[in-house]
Amino acid sequence: MRKISEQYITVLAPNATAVSNGRKISGKGGFVKRFRSEDDTFYMGECAGSGKSNYITSADFVEEEHPVFRCSCPSRQFPCKHSLALLFEISQEKEFELCEIPEDIIQKRKKKEARAAKSATEKKEGTPKVNKAARTKKIKKQLEGLKLTEEMMSNLLQAGLGTMGGSSIKTYRSLAKQLGDYYLAGPQLYVNRLILEMEAFQKDGDSLHYREAIHILVQLRALVKKSDAYLKEKLEKDEIGDDDSILYEELGGIWKLEQLQALGMKKENASLLQLSFQVVYDEARKEFIDTGWWADIETGEVSVSRNYRPVKAMKYIRQEDTVFEAAAIPVLTYYPGEMNRRIRWEGVTYQPVTKEQISALRTHACSSLPNAVKMVKNQIKNTLSDNFVVLLFAFEEIGTIDDKYVMRDREGNTILLEDMPGMENTVHRLAMLEPFMRKEQVLLGAFYYDEAGRRICVQPYSIVTNERVVRLLY
């Protein structure tokens with residue numbers, strides 16, 4: 001019989017409420033009948049519901065990474081609570097009567113196979129087809145928008161940020177809206193962030209907002225200059241196809257998995273551990289972002305997964321959740337970038353984390369603070385990069401100096417542990433750790449530049465011991 005963990009069910013569920021409801025249905029004996037195929041690829045149950053007749057729900061595992069759930073209930077959630085309840089029945093190893101796979105399921109499998117075969121036949125090797133005329137037209141439109149943005153910045157810098165208030169903010173809001181018509185969602189986001197900081201500055205007069213507005217302007221200016229040269233070069237060389245430049249996404253482009261994979265941005269049979277997770281709200285985007293920090297067990301590379309949930313579409317997009325098991329991914333896809341590359345995948349299976357996996361991961365951690373700081377500085381000096389880098393670091397000890405937490409490496413070098421501005425606080429949680437967790441362990445942390453102190457600091461996310469991962473940010 002198939003082995004299913006609660007973690008697997010949680011990952012598949014559209015939300016926590018659906019998981020809770022599915023568990024309740026299973027717990028109170030909601031299933032009248034349970035069936036499974038002899039080859040263990042098909043499960044079906046008859047479940048009592050609120051309607052006159054029982055609901056028939058099924059789970060088809062013919063494709064391990066892409067199970068298909070079906071239910072006769074009227075719910076628009078996918079999988080619905082009855083499908084999740086069926087998974088709980090399987091996870092609890094309840095008795096299932098053997099059955100033949102229904103004919104309608106067999107026919108649906110055949111149709112799906114036919115569609116997949118047709119798609120594979122039509123799909124040519126190499127880079128997907130590009131509509132050259134449409135792409136050229138789009139690039140020219142983007143160049144017009146970049147020129148408009150540059151004029152805005154020049155006018156603003158000449159007049160001074162202090163003039164950005166009242167009626168003038170309405171003008172910048174109008175400009176931000178226009179940038180969407182020029183396919184410049186990236187610059188549009190920067191302008192929105194600029195507006196938010198200046199509005200906040202006018203309310204409380206905190207100079208922090210003013211400094212952040214200047215930082216945003218610097219980033220926007222760099223993006224405009226680099227993008228202008230990048231797009232003009234593509235037109236001049238008549239090379240308008242996809243490439244691995246980060247500017248495509250910075251301008252607002254949305255990558256498809258097949259585009260990235262065609263560029264070789266992938267890894268087969270990847271094994272990852274999620275070491276930290278958080279949900280943040282981005283006011284400029286009007287989106288919630290589910291962010292997971294993952295480490296490749298084989299290489300130690302730390303990558304990030306991001307699930308964007310616009311406020312307007314909250315009920316249609318499933319929120320991601322913390323993952324405590326090891327993820328086995330047939331094809332892991334990377335986005336362009338250097339350190340902390342964004343990752344995505346379509347199929348995944350989860351298994352309990354073993355001590356061997358944790359031990360293997362720990363061997364990849366950096367152990368020299370000077371080397372770690374050098375890597376971080378080289379990364380964050382790029383104007384368009386994040387102002388922090390998340391690393392695995394093997395420390396000698398975490399202690400306190402003048403009531404401040406510091407981390408020491410094996411050579412006696414120390415670095416201050418501080419919370420990043422705007423981030424959920426984690427440093428205070430170090431006091432909750434057992435003493436052995438603060439000595440000769442591995443830390444997952446965000447190395448960032450502290451402008452006030454003019455130094456590199458670290459915000460701790462997790463501690464990786466010899467046996468488990470202890471999360472400070474989960």
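The preceding data block contains the structure.
Residues numbered from 1 in each chain as written. Predicted model: local features only at pLDDT ≥ 70, side-chain atom pairs only at ≥ 80, totals over all residues. Heavy atoms only, no water.

### Observations concerning the overall build of the chain
Regarding its fold elements, the chain presents twelve helices and 18 strands. If you line up the chain on its principal axes, its C-alpha atoms span 75 × 60 × 45 Å. A buried classification covers 45% of the 474 residues belonging to the chain. Put simply, 63% of the contacts in the chain that link residues at least 6 apart link residues at least 24 apart. (Helix = DSSP H or I, 4+ residues; strand = E, 2+ residues; numbered from the N terminus. Buried < 20%, exposed > 50% of the residue type's maximum accessible area, 1.4 Å probe, protein only. Contact = heavy atoms within 4.5 Å.)

### Brief notes about the sheet that holds strand β3 (residues 55-60)
In spatial order, the strands read β4-β3-β2-β1-β5; together these five strands make up an open sheet with mixed pairing. The strands lining the two open edges of the sheet, one partner per strand, are β4 (68-71) and β5 (97-99). On average, each strand axis in the sheet is inclined to that of its neighbour by 20°, with strand direction left out of account. (Pairing = 2+ DSSP bridges. Axes fitted to C-alpha atoms, helices over the stretch in contact; angles between N-to-C directions.)

### Observations concerning the packing of helix α2 (residues 16-27) against helix α3 (residues 81-91)
Axis separation between α2 and α3 bottoms out at 7 Å; the angle between their running directions is 60°. Judged on the interaxial angle alone, α3 and α2 are oblique. When you trace α2 past α3, the crossing you get is right-handed. Along the contact surface, α2 presents A18, V19, N21, G22, R23, I25 and S26, while α3 presents K81, H82, L84, A85, F88 and E89. Within the contact of α2 with α3, the residues separate by chemical class into six nonpolar, four polar and three charged. (Parallel < 35°, antiparallel > 145°, perpendicular 65-115°, else oblique. Left-handed = near helix turned anticlockwise from the far one by under 90°. Nonpolar A, V, L, I, M, F, W, Y, C, P; charged D, E, K, R; others polar.)

### Topic: the packing of helix α7 (residues 185-204) against helix α8 (residues 207-236)
Remark: α7 packs on α8, axes separated minimally by 8 Å, with the N-to-C direction vectors making an angle of 165°. As summarised for this structure, α7 and α8 are arranged roughly antiparallel, according to the angle between their axes. Crossing angle aside, the handedness with which α7 passes α8 is left-handed. Residues G186, P187, Y190, V191, R193, L194, E197, M198, A200, F201 and D204 of α7 lie in contact with α8, whose contacting residues are S207, H209, Y210, E212, A213, I216, L217, Q219, L220 and L223.

### Examining the side chain of E396
Topologically, E396 is positioned in the loop between β12 (388-394) and β13 (397-401). Although E396 lies buried, it forms no salt bridge, and the closest oppositely charged side chain, R410, sits 4.5 Å away as judged by the N-O distance. (Lys, Arg positive; Asp, Glu negative; His and termini not counted. Salt bridge = Lys/Arg side-chain N within 4 Å of Asp/Glu carboxyl O.)

### Re the side chain of T465
Mapped onto the fold, T465 is located in the loop between β17 (455-464) and β18 (469-471). If near-sequence neighbours (up to four positions away) are discounted, T465 is found in contact with I358, R362, F436, M437, Q441 and V470.

### Some thoughts on the packing of aromatic side chains
Inspection of the entire model under this criterion finds nine aromatic pairs. Look at Y43 and F61: their rings are 6.1 Å apart centre to centre, the planes differ by 85°, and that puts the pair in the edge-to-face class. Separated by 18 residues along the polypeptide, Y43 in strand β2 (residues 42-47) and F61 in the loop between β3 and β4 bring together distant segments of the chain. With a relative accessible area of 2%, F61 lands in the buried category. Ring geometry for F201 versus Y210: centroids 5.4 Å apart, planes at 50°, classification tilted. By relative accessible area, which is 23% here, F201 ends up partly exposed. Judged by its relative accessible area of 29%, Y210 is partly exposed. Here a set of aromatic residues connected by ring pairs shows up, and it is made of Y43, F61 and F96. The ring centre of F96 lies 5.8 Å from the NZ or CZ of R34, which sits over that ring. The residue whose ring lies beneath R341 is Y334, and the NZ or CZ to ring-centre distance is 3.9 Å. (Phe/Tyr/Trp six-rings, centres within 6.5 Å; stacked < 30°, edge-to-face > 60°. Lys NZ or Arg CZ within 6 Å of the ring centre and 35° of its normal.)

### A closer look at the pattern of salt bridges
Here the structure, examined in full by the defined rule, presents 30 salt bridges. Where D228 meets K232, a salt bridge forms, and the shortest distance between an N and an O atom there is 3.1 Å. One end of the pair, D228, and the other, K232, are both in helix α8, four residues apart, so they sit about a helical turn from each other. For D228, a relative accessible area of 22% corresponds to the partly exposed category. The class for K232 is partly exposed, based on a relative accessible area of 40%. One salt-bridge network, in which partners are shared between bridges, spans R193, D282, R285 and E287.

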